[in-house]
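# Reading the structure
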Amino acid sequence: MFDLGDLYQQVIIDHTKSPRNFGKLEPCSHDAEGYNPLCGDQLHVYLQIDDDMIKEVKFEGQGCSISTASASLMTEKLKGKSVREFEHLFEAFHEMATADMSEKPDEETLGKLAVLAGVKEFPSRIKCATLCWHTLKSAIEHSDKAAKTE
Ligand code: ZN
């Protein structure tokens, strides 16, 4: 076991009170909506991707503190990253969220996102933390499909 409790609380409160990159991004190259029926969280994520680089990423929506803080942390982390780096982070985050409590998160890769491992104390809230990641992934993948049919 590792003690992320206090840091977890601090970061969640900070990012819930003043979410980073909150709002609409217009124009944008990618966007998608996500919904977590278990909690009622709704998110809309917007991306501007040029040459496989995430130039800009924003989100809006209504959700609980965990979904808002997670989206805020995610956008902060992903700005300026490549799509490949996003995929790597997605895997790492998903692994952290679904791994056993006793497993230490990959802090080197995740950085501040690792505090969200604290959500595992409340298993029903894990989907609140992963919603933004799945929504962003579907935004990126959906546009690939659209591009192929053109
Ligand atoms: Zn929630």
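Let me begin by describing the structure that accompanies this report. (Residues numbered from 1 in each chain as written. Predicted model: local features only at pLDDT ≥ 70, side-chain atom pairs only at ≥ 80, totals over all residues. Heavy atoms only, no water.)

In this structure, Cys 39 (SG), Asp 41 (OD), Asp 41 (OD), Cys 64 (SG) and Cys 128 (SG) serve as the protein donors to the zinc ion, at separations of 2.2 to 2.6 Å. Written as a sequence motif, the donor arrangement for the zinc ion is C-x1-D-x22-C-x63-C. Remark: Cys 64 occurs in the loop between strand S3 (53-62) and helix H2 (65-78) and Cys 39 occurs in the loop between strand S1 (30-36) and strand S2 (41-50); sequence separation between them is 25 residues. (Donors = N, O, S within 2.8 Å, 3.2 Å for Na, K, Ca; no water. Helix = DSSP H or I, 4+ residues; strand = E, 2+ residues; numbered from the N terminus.)

Moving on to the nonpolar core. In terms of nonpolar packing, the biggest core is built from 42 residues, with Leu 47, Leu 78, Phe 86, Phe 93, Leu 110, Trp 133 and Leu 136 touching the most fellow members. Taken together, the elements giving at least two residues each to this core come down to helix H1 (5-17), S2, S3, H2, helix H3 (83-98) and helix H5 (126-149). Here the element with the most residues in this core is H5; it accounts for nine residues. Ignoring anything within four residues of it in the chain, the contact list for Phe 93 reads Ser 70, Leu 110, Leu 113, Leu 116, Ala 129, Thr 130 and Trp 133. (Core = buried A, V, L, I, M, F, W, Y, C linked by side-chain atoms within 4.5 Å. Buried < 20%, exposed > 50% of the residue type's maximum accessible area, 1.4 Å probe, protein only. Contact = heavy atoms within 4.5 Å.)

Turning our attention to the pairing of S2. Counted residue by residue, S2 has seven buried out of ten residues, so it is predominantly covered. Alignment of S1 against S2, held across seven bridges, turns out to be antiparallel. Note that in S2 the partner of Asp 31 across the bridge is Tyr 46. Where S1 folds back on S2, the antiparallel hairpin that results is connected by four residues, among which Gly 40 adopts a positive phi of roughly 95°. In the sheet, S2 pairs with S3 via nine bridges, with the strands oriented antiparallel. Its bridge partner being in S3, Tyr 46 is matched across the sheet by Lys 58. (Pairing = 2+ DSSP bridges.)

A few words on the pattern of salt bridges. For the structure on display, the rule yields six salt bridges. Residue Lys 104 is joined to Glu 107 by a salt bridge in which the shortest nitrogen-to-oxygen separation is 2.6 Å. Among the residues examined, Lys 104 registers a relative accessible area of 58% and is labelled exposed. Under the relative-accessibility criterion, Glu 107 is labelled partly exposed at 39%. (Salt bridge = Lys/Arg side-chain N within 4 Å of Asp/Glu carboxyl O.)

The strands that make up a sheet pair up through hydrogen bonds in the backbone, lying either parallel or antiparallel. Strand order in this open sheet of three strands is S1-S2-S3, and the pairing throughout is antiparallel. Of all strands in the sheet, those bounded by a partner on one side alone are S1 and S3. Strand-to-strand twist of the sheet, defined as the mean angle between neighbouring strand axes without regard to direction, takes the value 20°. Sitting on the sheet, H2 is in contact with S2 and S3, with an inclination near 170° to S3. (Axes fitted to C-alpha atoms, helices over the stretch in contact; angles between N-to-C directions.)

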